Amino acid sequence: MVSGLQPSGRPHIGNYFGAMKQFVDLQNDYDCYIFIADLHALTKIQNAKELSDNIVNLAIDYLAIGLDPTKVTLYKQSDTPEVTELGWIFNCLTTMPYLMRAHAFKDAEAKNKEINVGMFNYPMLMAADILLYDPDVVPIGLDQKQHVEIARDTAEKFNRIFGEVFKLPEPLILKNVQTVPGTDGQKMSKSYNNTIPLFAEDDEIRKAVMSIVTDSSSDTPTNVKDIHSLFKNTEEIEKLYSENKGKYQILKEALATDLISFITPLREKRKGWENRKDDVLKILKEGGKRARERAEAKMQIVREKIGVKLY
Ligand code: AMP
């Protein structure tokens, strides 16, 4: 299993329920490679201190949610420079019109954003991140589905041209989660400023919950209910929301209470890891070494197949 997150700031409950929770739940069942996508983050963050702080923070986040470094290879992407080599090879096989059909590019274009080449090529580096490790599955949120499909297409194209080298991975998307909505009802995303951070303090949680947008023309605050469904089963949710029709304040308070009980133990665990930065860096360094050995072995085959390996 391979997956990762960008070190682009504090993770939110959308990242957790869409992707991170699956990493923890599956760590006993798969040989797991979980990475910090620092080279991807460079498309947005061009400040050395900010990027390195974010990398360490994300490593701490991973450990705080319960990833066990004795089971999981936890590493940062830039410790496996083979991904950029493979990403380049994929760039040479892929056409511009194909990449222009990617949702992420189309969204950026629609917003008239002047995107950099790294952002445009993002799916090729992501294909390399995945295919280097021959995973069976890639746990992700729904928004990344197309990128895994692009990785599959890229693997097929390479295999067709140069011979069978890459396994086709399956995306693993939880049916009942798919897309976690933010406080404004859109997809929860750092770039929309609508997040509930995964390790938020109590006051921050209450403030975020109170800011959830509600529609006064309905008895049910849908945006509150959708987030609440992550913490209670369907029966409990239906009971709570039918008994409190129109009582937005009570329902928001109930959600804040559930969020606080869920987040408090995670936040405490995180504080424990914050005091062990040397251990965190050691874990990351060792993970990087392990991942790189595997990446390098795979690249030997790739180099031979494309014809650049002469000795
Ligand atoms: P990112 O670091 O933003 O690329 O996202 C890391 C992971 O979190 C990816 O697998 C995303 O699909 C997942 N993710 C991000 N936002 C959400 C959301 N609102 N709902 C579900 N999954 C999400």
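Predicted, not measured: the structure shown is a model, and the values here were computed from it.

Basis of the calculations
- Residues numbered from 1 in each chain as written.
- Predicted model: local features only at pLDDT ≥ 70, side-chain atom pairs only at ≥ 80, totals over all residues.
- Heavy atoms only, no water.
- Helix = DSSP H or I, 4+ residues; strand = E, 2+ residues; numbered from the N terminus.
- Near = heavy atom within 4 Å.
- Polar contact = N/O pair within 3.5 Å; in protein donor to acceptor, adjacent residues only side chain to side chain.
- Axes fitted to C-alpha atoms, helices over the stretch in contact; angles between N-to-C directions.
- Parallel < 35°, antiparallel > 145°, perpendicular 65-115°, else oblique.
- Contact = heavy atoms within 4.5 Å.
- Nonpolar A, V, L, I, M, F, W, Y, C, P; charged D, E, K, R; others polar.
- Phe/Tyr/Trp six-rings, centres within 6.5 Å; stacked < 30°, edge-to-face > 60°.
- Buried < 20%, exposed > 50% of the residue type's maximum accessible area, 1.4 Å probe, protein only.
- Lys NZ or Arg CZ within 6 Å of the ring centre and 35° of its normal.
- Pairing = 2+ DSSP bridges.
- Left-handed = near helix turned anticlockwise from the far one by under 90°.
- Domains from an automatic or database assignment.
- Salt bridge = Lys/Arg side-chain N within 4 Å of Asp/Glu carboxyl O.

Can you tell me about the environment of threonine 84, naming the residues and giving the values?
Of note, threonine 84 is situated in helix α4 (residues 82-93). Spatially, the C-alpha atom of threonine 84 lies 8.8 Å from that of aspartate 129, the residues being 45 residues apart in sequence.

Can you tell me about the site of the ligand, naming the residues and giving the values?
Around the ligand lies a shell of 16 residues, among which Gln6, Gly141, Asp143, Val180 and Met188 are the nearest. The contact in question runs from an oxygen atom of the ligand to an N or O atom on the side chain of asparagine 15, over 3.1 Å. Here a nitrogen atom of the ligand sits 2.9 Å away from a polar atom, N or O, in the main chain of methionine 188. No other element matches the four residues that helix α1 (residues 13-26) contributes to the shell around the ligand.

A description of the packing of helix α3 (residues 48-64) against helix α13 (residues 277-306) should follow, citing residues and the corresponding values.
Direction vectors running N to C along α3 and α13 enclose 90 degrees, while the axes themselves pass 10 Å from each other. Considering the angle they form, α3 stands roughly perpendicular to α13. Every residue of α13 that contacts α3 at Ile55, Val56, Ala59, Ile60 and Leu63 is listed here: Lys277, Val280, Leu281, Ile283 and Leu284. Residue classes in the contact of α3 with α13 are distributed as nine nonpolar, no polar and one charged.

How would you explain the packing of aromatic side chains if you had to name every residue and give the values?
Tallied over the entire structure, the rule returns 15 aromatic pairs. Residues tyrosine 33 and tyrosine 75 carry aromatic rings whose centres are separated by 6.4 Å and whose planes lie at 75 degrees to one another, so their mutual orientation is edge-to-face. Of the two residues, tyrosine 33 is situated in strand β2 (residues 32-36) and tyrosine 75 in strand β3 (residues 72-76); the sequence distance between them amounts to 42 residues. Since its relative accessible area comes to 2%, tyrosine 75 is described here as buried. Put simply, the rings of Tyr16, Phe17, Phe231 and Phe262 touch in pairs and so form one group of aromatic residues. Between the NZ or CZ atom of arginine 270 and the centre of the ring of phenylalanine 199, over which it lies, the distance is 5.4 Å.

Could you give an account of the pairing of β3, naming the residues involved and the relevant values?
Within β3, four of the five residues are buried, which leaves the element mostly enclosed by the surrounding structure. Where β2 lies against β3, five bridges are found, and the strand directions are parallel. By the bridge assignment for β3, cysteine 32 is matched with valine 72.

Got a sec to walk through the environment of lysine 167? Specific residues and values, please.
By the secondary structure assignment, lysine 167 is in the loop between α8 (145-162) and β5 (170-172). Distance from lysine 167 to threonine 70, taken between C-alpha atoms, is 25 Å for residues 97 residues apart in sequence. Excluding residues that lie within four positions of it along the chain, lysine 167 makes contacts with Leu131, Asp134, Pro135, Asp136 and Ala155. Here the side chain of lysine 167 touches aspartate 134 through a polar contact of 3.5 Å, landing on its backbone oxygen. One polar contact links lysine 167 to aspartate 136, side chain to side chain, over a distance of 3.3 Å.

Quick one: what's the story with the packing of helix α9 (residues 202-210) against helix α12 (residues 248-274), residue by residue and with numbers?
Where α9 meets α12, the closest approach of the two axes is 9 Å, and the angle between their N-to-C directions is 145 degrees. Handedness of the crossing formed by α9 with α12: right-handed. Where α9 approaches α12, its residues Asp202, Ile205, Arg206, Val209 and Met210 are matched on the opposing element by Gln249, Lys252, Glu253, Leu255, Ala256, Leu259, Ile260, Ile263, Thr264 and Arg267. For the contact of α9 with α12, a count of residues per class yields eight nonpolar, two polar and five charged.

Outline the domain arrangement of the protein chain, listing residues and values.
According to the domain assignment, the protein chain consists of domain 1 (2-178 + 276-306) and domain 2 (190-272). Centre-to-centre separation of domain 1 and domain 2, based on C-alpha positions: 30 Å. Facing 19 residues of domain 1, the contacting portion of domain 2 comprises 18 residues. Across the contact surface, domain 1 and domain 2 share two salt bridges. Two residues, arginine 270 and aspartate 61, come together in a salt bridge whose shortest N-O distance is 2.5 Å. Applying the counting criterion to the domain 1 and domain 2 interface returns six residue pairs in polar contact (both at pLDDT 80 or more). For the side of domain 1 that touches domain 2, the secondary-structure elements that each account for two or more residues are α1 and α3. Broken down by element, the residue count for the side of domain 1 that touches domain 2 peaks at five residues, all from α1. A class-by-class count of the residues in the side of domain 1 that touches domain 2 yields eight nonpolar, seven polar and four charged.

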